[in-house]
Amino acid sequence: MRDMRGRDVLSILDFGREDLEGLFEYADIIRKRGVSGRPLQGKVMALAFFEPSTRTRLSFETAMKRLGGDAIGFTSEEGTSIEKGESYVDTIRMLDAYSDVIVVRHKYDGAAKLAAEVAENPVINGGDGKQHHPTQAMIDLYTLKTLFGTVDGLTIGVLGDLKYGRAASSFILGLTHFRPKKVCLISPPQLAARREVLDQARERGLPYEEVVSLDEVIGDLDALYVTRIQKERFPDVEEYEKVKGAYVVTLELLQKKAKRDLKILHPLPKVEEIDPRVDQTHYASYYEQARLGVPLRQALLLKLLE
Ligand code: NCD
């Protein structure tokens, strides 16, 4: 495995299968044995969140604190000098001076890459516009590994907003590191995965097919990755109104058509795409997936900073 020390985490394609497997092993060790001492004592992580977040921000913060490090940061531009007109780049420069690693989330595509260009220390992309969310993809792949023992050979559905969803885009790209049997990309035609994602998936040999009907493929799936329609990224609300509620995974559908051990993943937050009655069933793996975010991010921070 390559040394990950000091590296930026901008896209899931910045890493190889071996890097990811090393990370998963490390996260397993942390889960089973915990961490001894305070390995990141004295290190500071800056959380630069220009867009809302619950899990990404708080699980990074939890991970850092459990390793003995500290976290600083903000959760919106409000209260920062950006309100006085300071540029994004200057804000990043300051955070770079105060901390050892920056996690940045921004509504603009490419914002994390720009931060990495000006910062000396590692930058972790906590989500840039519709493009990338690499640490979420790491968690998603780690969840599959934990649930099934492997990602290879699985039939996986990815449902919902594959156009504007950065978690879905990074998950699809992340799957190209492995050898799933088949990947069904399920969305209304208006929300199909973007050309650049599909081109890379094809070039990297991912066996995928694009379908519109969940009913037709649900019976084949081992895992279904559900995503939220990304209302805030639609240039036109009317377009959103046309597709909202396009899919709802109901308990009836699962009981009638899904494999008995189908596992449902979701990066969360979920709104109405999963029937709440599913939450209490053995299909629901999204809370477990969110829980795995902490050990995975602990493993990542240790590899970048130790
Ligand atoms: C996702 C995000 O922000 O891209 N959330 C997350 O980090 N788990 C997904 C979403 O907002 O729908």
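Residues numbered from 1 in each chain as written. Predicted model: local features only at pLDDT ≥ 70, side-chain atom pairs only at ≥ 80, totals over all residues. Heavy atoms only, no water.

**Q** Account for the layout of surface pockets, naming residues and giving values.
**A** Here the largest pocket defines a volume of roughly 380 Å³. Along the walls of the largest pocket sit 22 residues, with Arg105, Arg166, Arg228, Leu268 and Pro269 positioned nearest its centre. Of all the elements in the fold, those that place two or more residues in the lining of the largest pocket are α2 (55–66) and α6 (166–175). If one sorts the elements of the lining of the largest pocket by residue count, α6 sits on top with three residues. For the lining of the largest pocket, the class distribution of residues is six nonpolar, nine polar and seven charged. Its volume calculated, the second largest pocket comes out at about 180 Å³. Lining the second largest pocket are 15 residues; nearest its centre among them are Ile229, Gly245, Val271, Glu272 and Glu273. Grouping the constituent residues of the lining of the second largest pocket by class yields seven nonpolar, three polar and five charged. (1 Å grid on protein atoms, 1.4 Å probe; cavity = no way out; pocket = protein on both sides within 12 Å on 5 of 7 lines; lining within 4 Å. Points joined across faces, edges and corners; volume = space filled by probe spheres on them. Helix = DSSP H or I, 4+ residues; strand = E, 2+ residues; numbered from the N terminus. Nonpolar A, V, L, I, M, F, W, Y, C, P; charged D, E, K, R; others polar.)

**Q** Just give me the short version of the site of the ligand, but keep the residues and values in it.
**A** The environment of the ligand is made up of Thr56, Arg105, His133, Gln136, Arg166, Arg228, Gln230, Pro267, Leu268 and Pro269. Threonine 56 places a side-chain nitrogen or oxygen 2.9 Å from an oxygen atom of the ligand. A distance of 2.7 Å separates an oxygen atom of the ligand from a polar atom in the side chain of histidine 133. In the complex, the protein chains occlude 94% of the 320 Å² of accessible area that the ligand would expose alone. Comparing atom positions with the cavity grids shows the ligand to sit within the largest pocket. Taken together, the residues of the shell around the ligand break down into three nonpolar, four polar and three charged. (Near = heavy atom within 4 Å. Polar contact = N/O pair within 3.5 Å; in protein donor to acceptor, adjacent residues only side chain to side chain. Areas by Shrake-Rupley, 256 points an atom, 1.4 Å probe, with all protein chains shown as cover. Sits in = over half its atoms within 2 Å of the grid points.)

**Q** Residue-level account of the pairing of strand β3 (residues 101–106), with values.
**A** The buried count for β3 comes to six of six residues, which makes it a mostly enclosed element. Of the two faces of β3, the one carrying Val101, Val103 and Arg105 and the one carrying Ile102, Val104 and His106 are both buried. Relative to β3, strand β1 (residues 44–49) runs parallel, the two sharing five bridges. Bridged to leucine 47 within β3 is valine 103. Bridge count between β3 and strand β4 (residues 123–128): four bridges; the pairing is parallel. Looking across to β4, one finds that isoleucine 102 is bridged to valine 123. Following the chain from β3 across helix α4 (residues 111–118) to the adjacent parallel β4, one finds a crossover that is right-handed. (Buried < 20%, exposed > 50% of the residue type's maximum accessible area, 1.4 Å probe, protein only. Pairing = 2+ DSSP bridges. Right-handed = clockwise from strand over helix to strand, strands pointing away.)

**Q** Tell me about the packing of aromatic side chains, and name the residues and values.
**A** According to the stated counting rule, one finds seven aromatic pairs in the structure shown. Their ring planes at 80° and their centres at 5.2 Å tell us that phenylalanine 50 and phenylalanine 74 sit as a pair that is edge-to-face. Highlighted residues: phenylalanine 50 in the loop between β1 and α2 and phenylalanine 74 in strand β2 (residues 70–74), separated in sequence by 24 residues. Like phenylalanine 74, phenylalanine 50 is buried. Through pairs of rings, three or more aromatic residues link up here, namely Phe50, Phe74 and Tyr88. (Phe/Tyr/Trp six-rings, centres within 6.5 Å; stacked < 30°, edge-to-face > 60°.)

**Q** Provide a residue-level description of the sheet that holds strand β9 (residues 263–265), including the pertinent values.
**A** Strand order in the open sheet formed by five strands is β7-β6-β5-β8-β9, and the pairing between neighbours is parallel. One side of each edge strand has no neighbouring strand; the edge strands of this open sheet are β7 (208–211) and β9. Neighbour to neighbour, the strand axes of the sheet diverge by 20° on average, direction disregarded. Here strand β8 (residues 223–226) pairs with β9 via three bridges, running parallel. Paired with tyrosine 225 across the two strands is leucine 265, which belongs to β9. Each of β5 (155–159), β8 and β9 is contacted by helix α5 (residues 134–148), which is oriented at about 170° to β9, the strand it contacts most. (Axes fitted to C-alpha atoms, helices over the stretch in contact; angles between N-to-C directions. Contact = heavy atoms within 4.5 Å.)

**Q** So what's going on with the side chain of arginine 228? Residues and values would help.
**A** Along the chain, the position of arginine 228 falls in the loop between β8 and α9 (237–243). A distance of 2.9 Å separates a polar atom in the side chain of arginine 228 from a polar atom in the side chain of glutamate 232.

**Q** Got a sec to walk through the side chain of threonine 91? Specific residues and values, please.
**A** Mapping threonine 91 onto the fold places it in helix α3 (residues 88–98). A polar contact is formed between the side chain of threonine 91 and the backbone oxygen of serine 87, at a distance of 2.9 Å. Excluding residues that lie within four positions of it along the chain, threonine 91 makes contacts with Phe74, Ile82 and Glu86.

**Q** Would you mind going over the domain arrangement of the protein chain in detail, with residue names and values included?
**A** What the domain assignment reports for the protein chain is domain 1 (12–132 + 293–305) and domain 2 (134–290). Taken residue by residue, the interface counts 31 residues in domain 1 and 33 residues in domain 2. In total, about 2700 Å² of surface goes out of reach between domain 1 and domain 2, with carbon and sulfur atoms giving 62% of it. The largest per-residue losses of area from domain 1 upon contact with domain 2 belong to Ile12, Leu13 and Lys130, which jointly make up 26% of the total buried on that side. Taken together, domain 1 and domain 2 are joined by three salt bridges. (Domains from an automatic or database assignment. Buried area = accessible area lost by both parts, 1.4 Å probe. Salt bridge = Lys/Arg side-chain N within 4 Å of Asp/Glu carboxyl O.)

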